[in-house]
Amino acid sequence: MDVTTPDLERRLTAGEPATATVTGLATVEDARAWLAGRLPRIRDLLAEHGALYLRGLPIRDAAGFAAVRDVVLAERAAYREKATPRTHFGDDVYSSTDLPPSQAIKLHNENSYTLTFPGVLLFCCLTAPHTGGATPVADCREVLRNLPTDLVERFRVTGWLLRRNYGERISLGWRTAFGTDSREEVERYCADNLIDCRWGENDTLRTTQVRPAIIRHPWTGEEVWFNHAAFWSEHSLDPEVRDVLVDELGRDGLPFTTGFGDGTALSADDVRAMNAAYDAAVLRRSWQAGDLLIVDNLLAAHGRDAFRGDRRIVVAMGEPVALHDCHPTPPLRHGAPR
């Protein structure tokens, strides 16, 4: 077997994630064997860069992706407190998201609002879009360095707050998000996960939780910016979309609202500074069929560019991490701010 990168050396190009190109692999079993022999090097590169592209793997369908996933990830991670529509292809393989192609998705860390979240994400391109559709990444250590010191310190003291409204007409319904038809199960989950939950009219649910905005990676010990504070802020929405939602639902009825952990609202300038910090750190590469993107979910945020044409990107999550093991500051507490 002739492989051009026997020791998995990465190529660095300005504006692009670290990338290694592989040739000479004909089957998924070849890819599994090749990856199994290089897992320590892959882990080293993830710790260094946060994300790694592998180009040229013979992955053609969801089953082949799942077979590769089981080599790279020692343990699967659950998708908790769902927030976007996804297609489930079976065997814990999902579409990356089913939101409209014209809608870009801002950078974020998967499940940053849960008490246990995936430590590693795998993305694979089965069909590349005609234009656009990259999965940009940004090193969360760099994002943290890019942020204004006073903003960082305020988040360090208070954490960040997330309010969600669940309802079929405004976002995902609570049954889809929590994977159950039982209100009692939702209430137990929320109690166990430090979430305040309140039922409303028309089968709606409102939840509030406070989480740390800055944590330490449990394996590298490095501080990282890890939250959805900018991602789900109303100030990150297109102004016309925001105006329509606020007019129709009111600010208390928006699907997602974020703030400082003490309940203070984020200003437009606060959110602008956070989004600028992500933008300054962003890297992107156009997808090709067979590409595998491995992301350390704590060290790197990810998003999605708008696109045209058919785009089939599958994703799997693994190596679950408990927030308690990430030195959360401030300490975790239940529900709404005091």
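Predicted, not measured: the structure shown is a model, and the values here were computed from it. Think of each chain on its own: its residues are numbered from 1, step by step along the sequence as written. Two thresholds apply to this predicted model, a pLDDT of at least 70 for residue-level local features and 80 or more for giving and counting side-chain atom pairs, whereas whole-chain, interface and lining totals are computed over all residues. Derived side-chain values reflect all non-hydrogen atoms in the structure, with water molecules and hydrogen atoms excluded from consideration.

Enquirer: Would you explain the sheet that holds strand β14 (residues 256-260) in this entry?
Expert: Sheet strands pair by backbone hydrogen bonding; their relative direction is either parallel or antiparallel. Two strands are said to pair when DSSP picks up at least two bridges between them. In this description a helix means any DSSP run of H or I spanning at least four residues, a strand means any run of E spanning at least two, and both kinds are numbered starting from the N terminus. The sheet built from four strands is open, its strands ordered β10-β11-β9-β14 with antiparallel pairing. Pairing within the sheet leaves two strands with one partner each, and these edge strands are β10 (196-199) and β14. Neighbouring strand axes in the sheet, compared pairwise and without regard to direction, differ in orientation by 15° on average. Sheet topology note: the strand β9 (residues 160-166)/strand β11 (residues 205-211) ladder contains seven bridges and is antiparallel. Counterpart to Y166 in the pairing with β11 is L205. Packed onto the sheet, helix α5 (residues 149-158) meets β9, β11 and β14 and runs at close to 100° relative to β14. Comment: axis = line fitted to C-alpha atoms, over the contacting stretch for helices; angle = value between 0 and 180 degrees taken between N-to-C directions. Only heavy atoms enter the contact rule, under which two residues are in contact if any of them lie within 4.5 Å.

Enquirer: Explain the confidence of the model for the protein here, please?
Expert: Any segment with low pLDDT has predicted coordinates that should not be analysed in fine detail. The predictor attaches a confidence to each residue, and that confidence, scored 0 to 100, is pLDDT. The pLDDT averaged across the protein works out to 93; a share of 97% of its residues lies at or above 70. Counting interchain partners and residues more than four positions distant, the pLDDT-below-50 stretch residues 1-6 has 17 contacts.

Enquirer: Teacher, can you tell me more about the pattern of salt bridges here?
Expert: When their charged atoms lie close together, side chains carrying opposite charge are able to pair. What makes a salt bridge here is a side-chain nitrogen of Lys or Arg within 4 Å of a carboxyl oxygen of Asp or Glu, nothing more. Per the counting criterion, the structure on display carries 21 salt bridges. Notably, a salt bridge pairs R141 with D139, separated by 2.8 Å at the nearest N-O pair. For every residue, the accessible area obtained with a 1.4 Å probe (protein chains only) is divided by the maximum for its type, and the residue is called buried under 20%, exposed over 50%, and partly exposed between those limits. D139 gets classed as buried once you look at its relative accessible area, which sits at 15%.

Enquirer: Whenever I open this one, the environment of M274 confuses me. Can you help?
Expert: On the secondary structure map, M274 appears in helix α9 (residues 268-281). M274 sits 128 residues away from N146 along the chain, and the two C-alpha atoms are 8.6 Å apart. Not counting residues up to four positions away in its chain, the partners in contact with M274 are L147, L151, F155, W225, A229, A230 and L266.

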